[in-house]
Amino acid sequence: MPRRNDISKILLIGSGPIVIGQACEFDYSGTQGAKALTSLGYDVVLVNSNPATIMTDPELVRRTYIEPLTLETVAAIIERERPDALLPTLGGQTALNLALDLHGSGVLSRHGVQLIGAQVDAIRKAEDRQLFKEAMRNAGLECPYSGHVSSLEEARKIIEITGYPVILRPSFTLGGTGGAVVNRPEELEAKLAWALAQSPTHQVLVEESVIGWKEYELEVIRDAADNFIVVCSIENIDPMGVHTGDSITVAPAMTLTDREYQRLRDAARAVMHEIGVETGGSNVQFAVDPKTGRMLVIEMNPRVSRSSALASKATGYPIAKIAAKLAVGFTLDELENDITGTSAAFEPTIDYVVVKWPRFAFEKFPGADSRLGTQMKSVGEVMAIGRTFPEALQKAARSLETGKSGLVSLMDRVDYRVLVREEQNRDLVNEAPPTAKPRPTLPPPARGELERALERLVAVPTADRLFYVADAMRVGITQQRIHELTGIDPWFLAQIARIIEHEKRIVAAPGLDAEVLRESKRLGFSDAQIATLRRTTEDAIRARRDELGIGCSYARVDTCAAEFPARTPYLYSSYETESESEVSAKKKVIILGGGPNRIGQGIEFDYCCCHAVFALRELGIETVMVNCNPETVSTDYDTSDRLYFEPLTLEDVL
């Protein structure tokens, strides 16, 4: 059906300040949604408290309020502006919680404001853990055994049934805030007290542990006519037990059979229907027991999320834009995919591999617990695209800007025996961090000492665990043993082993011929990485590639695996035989993005990049954006004239 004409003014709520678990991906979604609604002729009013965002630019919508995102402030804005509708699904958990407060206090009904995108009942069902569990039972789906508690005594009664370990999941929180894994009885009291304190409703779900199970996400869209599509499937390399925002993920899912995928797809549709998300995008997370195939629904977000931004950039499908248009009455078959010109009801298909790798900042907080769990700790992320999983993985590793040119060995940088000694169990609330001390220098490792240290380290999820896994393979620990210790699927371990085996080939080759060099590049090895293995310079490797005529080609992200021609030049590099990059003869400027968010370098630099594009476009100059951050407006397909999703390294930019 066509757009709704019974509403003319729409209020958008942003996500507020950047915090762990809620970053610039909501500037991306809010900006895309605001542009979509404005293009349809709606009068859009926006409120947000973060000035370092594109969505708060005065020229984006008719009126922008840079105000605190509180009930009192937004109520006053509603009283003044008298919008017909409120769209809260583009502003993350902050906007959803505020929409519930506005409804509960009677502000929306008093001023005749409709909620669009997601209704109150749908938000509550998705966000309240007990209501969600009941909804899944009604849909014939299974959740982990759990119960809501508000006291220590109630928690102990549930644990009598589940046993240890258990997962604590506070209600209505962001990024798993307050979440924890309780392994032993003596840990329960402190962790539960912290979790209860983080929940605005003072409720925590105590849930049976599925740590070690495989974790998948489906990014889905539904419209008012019950049309449903899966935009992207995402698989976590880390098994359950690590927050999905902290896990290295890959799209599309690599280890599902078609039958298993269809089962998840049907379940995601049932979840959307039962929760009652009438229009827009949602994220549904599943756990699958690798031994029995038992499938559990973990949670769903009735809004666009960080995974939505990743899925949009991975496929080229503009989830936030489509979601905004669905919220005002359109159906998927009435909308067009800007990249291909085909119907938005076509599910994206991709012929490449995408890897997302989180960026952490533990070096800024000496003494912080660097172990990963159900509470999100990453401060940013990068995305890389390749024709093979090893290529995408290594491109992501060097995109992090942590001094690693790929999935390199850390044995020349750290002594793993020292890292094992530094393991500690500190009360993070009451005990001060330990005083920083120089790391001791140990004598050369005895036989088996390094292997034992690595076995202990890979068993614990940390920011650098995948580097530890690679080094474990380098010292001879078997893939089977690593699988037993980590729960990482054997397929991923086999792909990492391909990288390790090829390292040996590079080192052993009498000379770098075309075959070895081309295979190296297809597995994602950077020139710097090859140079280290060959004990030469990066310039020498580049010169050798030029001599042999081995250069990268560029392919397009087109949402359809080249079934239809792509209108937008959204590109990634690979070492294939054909290039889809059609370079114009126009005067042009390359803009280098800011890379992953980190402490001290965040969304403000994306703001600068976008305004550079806008200024150059006014001058008639073609803009070329190079960046690797999937959360940003600068990496949206329609921001610059050409977008290269690439690591910000000398080799990749040249």
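Above this text sits the structure in question.
**Q** Even after reading the chapter, I still don't get the side chain of glutamate 187, so can you show me in this structure?
**A** With respect to the helices and strands, glutamate 187 occurs in helix α8 (residues 185-198). Those residues in contact with glutamate 187 that lie beyond four places of it in its chain are Val181 and Val182.

**Q** When you look at the state of the cysteines in this model, what are you seeing that I'm missing?
**A** What we call a disulfide is simply a covalent bond connecting the sulfur atoms of a pair of cysteines. Following the criterion strictly, the structure yields zero disulfides and no others. Left without a disulfide partner, cysteine 552 is nearest to the cysteine sulfur of cysteine 628, which lies 16 Å away. Unpaired in terms of disulfides, cysteine 628 finds its nearest cysteine sulfur in cysteine 609, a separation of 11 Å. For cysteine 628, a relative accessible area of 0% puts it in the buried group.

**Q** Hey, could you run me through the sheet that holds strand β16 (residues 380-386) in this one?
**A** Hydrogen bonds between backbone atoms are what pair the strands of a sheet, whose relative direction is either parallel or antiparallel. Read from one edge of the open sheet, seven strands run β14-β13-β10-β11-β12-β15-β16, paired in antiparallel fashion. A strand with exactly one partner marks an edge of an open sheet, and here the two such strands are β14 (295-301) and β16. The average undirected angle you get between the axes of adjacent strands in this sheet is 25°. Pairing analysis gives nine bridges linking strand β10 (residues 214-222) to strand β13 (residues 280-288), with the strands arranged antiparallel. Its bridge partner lying in β13, isoleucine 221 is registered against glycine 281.

**Q** Even after reading the chapter, I still don't get the environment of glutamine 32, so can you show me in this structure?
**A** Among the structural elements, glutamine 32 can be located in helix α1 (residues 25-39). Here the alpha-carbon distance between glutamine 32 and methionine 55, two residues 23 residues apart in the chain, equals 8.6 Å. Excluding its chain neighbours within four sequence positions, the residues that come into contact with glutamine 32 are Pro318, Ile319, Ala320, Lys321, Asp636 and Tyr637. Within the structure, glutamine 32 has its side chain in polar contact with the backbone nitrogen of lysine 321 (distance 2.8 Å).

**Q** Just to check I follow, could you spell out the pattern of salt bridges for this structure?
**A** Once their charged atoms are close, side chains differing in charge can pair, the charge on each being opposite to the other. Using the criterion set out here, one finds 38 salt bridges in the structure. Taking the shortest distance from any N to any O, the salt bridge between lysine 9 and glutamate 81 comes out at 3.0 Å. Here lysine 9, found in strand β1 (residues 9-13), pairs with glutamate 81, found in helix α2 (residues 71-81); they are 72 residues apart in sequence, far enough to count as distant. Glutamate 81 shares its class with lysine 9; the two are buried.

**Q** Help me out: how do you make sense of the sheet that holds strand β2 (residues 43-48) in this one?
**A** The strand order across the open sheet built from five strands is β3-β2-β1-β4-β5, with neighbouring strands paired in parallel fashion. This sheet does not close on itself; its edge strands, each paired only once, are β3 (63-66) and β5 (114-115). In this structure, β1 lies alongside strand β4 (residues 85-87), joined through three bridges in parallel fashion. Counterpart to leucine 11 in the pairing with β4 is leucine 86. The strands touched by α1 are β1, β2 and β4; relative to β1, the strand with the most contacts, the crossing angle is about 175°. With respect to the sheet, helix α3 (residues 92-104) is in contact with β1, β4 and β5, its orientation differing from that of β1 by roughly 125°.

**Q** Looking at this structure, I do not really get the pairing of β1. What am I missing?
**A** Note on strand geometry: in a regular strand, side chains alternate between the two faces of the sheet. Most of β1 is tucked away: five of the five residues are buried. Here β1 shows two buried faces, one formed by Lys9, Leu11 and Ile13 and the other by Ile10 and Leu12. Alignment of β1 against β2, held across five bridges, turns out to be parallel. When the bridges of β2 are listed, leucine 12 appears paired with leucine 46. Between the parallel elements β1 and β2, the chain passes through α1 in a crossover that is right-handed.

**Q** Teacher, can you tell me more about the packing of aromatic side chains here?
**A** The geometry of an aromatic ring pair is captured by the separation of the ring centres together with the interplanar angle, meaning the angle of the planes. All chains considered together, the criterion is met by nine aromatic pairs. Arranged with centres 5.2 Å apart and planes meeting at 55°, the rings of tyrosine 352 and tyrosine 572 form a pair that is tilted. Residue tyrosine 352 is found in the loop between α11 (319-327) and β15 (353-359), and its partner tyrosine 572 is found in strand β18 (residues 570-574); the two are separated by 220 residues along the sequence. The burial state of tyrosine 352 is the same as that of tyrosine 572; both residues are buried. Ring geometry for tyrosine 554 against tyrosine 644: centres 5.1 Å apart, planes inclined by 85°, an arrangement best described as edge-to-face. Of this pair, tyrosine 554 sits in strand β17 (residues 553-556) while tyrosine 644 is found in strand β21 (residues 642-645), placing the two residues 90 residues apart along the sequence. The same class applies to tyrosine 554 as to tyrosine 644, namely buried.

What counts and what doesn't
- Within any chain, residue numbers begin from 1 and follow the written order of that chain's sequence.
- Only residues with pLDDT of at least 70 get local features here, since the model is predicted, and only at 80 or more are side-chain atom pairs given and counted; chain-wide, interface and lining totals rely on the full set of residues.
- For side-chain calculations, the full set of non-hydrogen atoms in the structure is used, while hydrogens and water are omitted.
- For helices the rule is a DSSP run of H or I covering at least 4 residues; for strands it is a run of E covering at least 2, with both sets numbered from the N terminus onward.
- Here, residues are in contact when the closest pair of their heavy atoms is within 4.5 Å.
- Cysteine sulfur atoms that come within 2.5 Å of each other are treated as a disulfide pair.
- For every residue, the accessible area obtained with a 1.4 Å probe (protein chains only) is divided by the maximum for its type, and the residue is called buried under 20%, exposed over 50%, and partly exposed between those limits.
- Strand pairing follows a simple DSSP-based rule, namely that at least 2 bridges must link the two strands.
- Every axis in this analysis is a line fitted to C-alpha atoms, fitted for helices over the stretch in contact. Angles between the N-to-C directions lie between 0 and 180 degrees.
- The definition of a polar contact used here is a pair of N or O atoms within 3.5 Å, where within protein one atom must be able to donate a hydrogen and the other to accept one, and adjacent residues in sequence count solely through side-chain atom pairs.
- Whenever Lys or Arg places a side-chain nitrogen within 4 Å of a carboxyl oxygen from Asp or Glu, that contact is recorded as a salt bridge.
- Here, the term right-handed applies to a crossover whose path from the first strand over the helix to the second runs clockwise when the strands point away from the viewer.
- Two rings from Phe, Tyr or Trp (for Trp, the six-membered ring) form a pair when their centres are within 6.5 Å of each other. A pair whose planes differ by under 30 degrees is stacked, one over 60 is edge-to-face, and the rest are tilted.

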